[in-house]
Amino acid sequence: MADLVITAASVVAGTNSTRDVGTAGATITAGQAIYLDAATNKWLLSDNNGTGTRQVHGIALNGASLNQPISIHKSGDITIGATLVAGTDYWLSGTAGGLCPRADLATGMDAVQVGIAKSTTVLAVDVQDPGVTLA
């Protein structure tokens, strides 16, 4: 398998969405996994191959460039704009902002679960990050 191929225009928060707003610290596309950088107080792309970026605080609900406003889906249901496999868990991938199935994680990556597919279109976001690096 591979990272989800997300159509940004199809990303929509569900009615049970917990949201936040902030400022983008880089170019971000709707549907990408992001985190709040404590040093700059701006939202950046999560990346399981990076240093200090292996965390997910939400999913971008809109696209934004540096210093533009960004809306963040923090938990609850989201129509992610990609084809999911119902019942499959999705994780932070090694691609900046990407989401992938568990089978795509590799040695050295952190086990950061983003959510579980409720259907072929809806992801139930409930980020779990036990701080474990895969051996």
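Everything below is about the structure shown above.
So, here's what we can say about the structure. The structure displayed is predicted, hence computed values, not measured ones.

### Description of the overall build of the protein
When its secondary structure is counted, the protein shows zero helices and ten strands. The helix and strand sequence of the protein, counted from the amino end, reads β-β-β-β-β-β-β-β-β-β. Whereas a compact globule of 135 residues would reach a radius of gyration of roughly 14 Å, the protein reaches 13 Å, a difference of no more than 12%. In terms of principal-axis extent, the alpha carbons of the protein reach across some 35 × 30 × 20 Å. Here the protein holds 135 residues, and the buried ones make up 44% of them. For the protein, the accessible area works out to roughly 6,200 Å², and carbon and sulfur atoms hold 53% of it. Side-chain charges of the protein comprise 6 positive and 10 negative groups, with the mean position of each set lying 5 Å from the other.

### Notes on unusual backbone geometry
Of note in this structure, Asn-41 is not a glycine but carries a positive phi near 60°. Its place among the elements puts Asn-41 in the loop between β3 (33-37) and β4 (42-45). Relative accessible area serves as the criterion here: at 54%, Asn-41 is assigned to the exposed category. Phi angles above zero are rare outside glycine, and Asn-67 is one such case at about 70°. Within the fold, Asn-67 resides in the loop between β5 (58-60) and β6 (69-79).

### Some words on the nonpolar core
Core analysis: the largest hydrophobic core is formed by 20 residues, its most contacted members being Ile-59, Ile-78, Ile-80, Leu-84, Leu-99 and Leu-123. Elements with a minimum of two residues in this core: β7 (89-92), β9 (113-117) and β10 (122-128). Those residues in contact with Leu-99, other than ones at most four positions away along the chain, are Asp-3, Leu-4, Gly-31, Ala-33, Ile-59, Ile-80, Trp-91, Ser-93, Val-114 and Leu-123. Counting residues in each nonpolar core, the second largest holds eight residues, with Ala-24, Ile-34, Ala-64 and Ile-72 among its members.

### Here's the deal with the packing of aromatic side chains
Per the counting criterion, the structure on display carries zero aromatic pairs. A cation over an aromatic ring shows up here: Arg-102 above the ring of Trp-91, its NZ or CZ 5.8 Å from the ring centre.

### Section: the pattern of salt bridges
Summed over all chains, the structure comprises three salt bridges. Linking Asp-20 and Lys-74 is a salt bridge whose minimum nitrogen-to-oxygen distance equals 3.8 Å. A residue pair is termed long-range when its members are at least 10 positions apart, and Asp-20 in strand β2 (residues 18-23) and Lys-74 in strand β6 qualify at 54 residues. Judged by relative accessible area, which is 29%, Asp-20 ranks as partly exposed. As a salt-bridge pair, Asp-110 and Arg-54 come within 3.2 Å of each other at their nearest N and O atoms. With a gap of 56 residues between them, Asp-110 in the loop between β8 (99-101) and β9 and Arg-54 in the loop between β4 and β5 connect regions that are remote in the sequence. By relative accessible area, which is 23% here, Arg-54 ends up partly exposed.

What counts as what
Residues numbered from 1 in each chain as written. Predicted model: local features only at pLDDT ≥ 70, side-chain atom pairs only at ≥ 80, totals over all residues. Heavy atoms only, no water. Helix = DSSP H or I, 4+ residues; strand = E, 2+ residues; numbered from the N terminus. Rg over C-alpha atoms; globule rule 2.2 N^0.38 Å. Buried < 20%, exposed > 50% of the residue type's maximum accessible area, 1.4 Å probe, protein only. Areas by Shrake-Rupley, 256 points an atom, 1.4 Å probe, with all protein chains shown as cover. Lys, Arg positive; Asp, Glu negative; His and termini not counted. Charge placed at Lys NZ, Arg CZ, Asp CG, Glu CD. Core = buried A, V, L, I, M, F, W, Y, C linked by side-chain atoms within 4.5 Å. Contact = heavy atoms within 4.5 Å. Phe/Tyr/Trp six-rings, centres within 6.5 Å; stacked < 30°, edge-to-face > 60°. Lys NZ or Arg CZ within 6 Å of the ring centre and 35° of its normal. Salt bridge = Lys/Arg side-chain N within 4 Å of Asp/Glu carboxyl O.

Read these as spatial facts, not as claims about activity.
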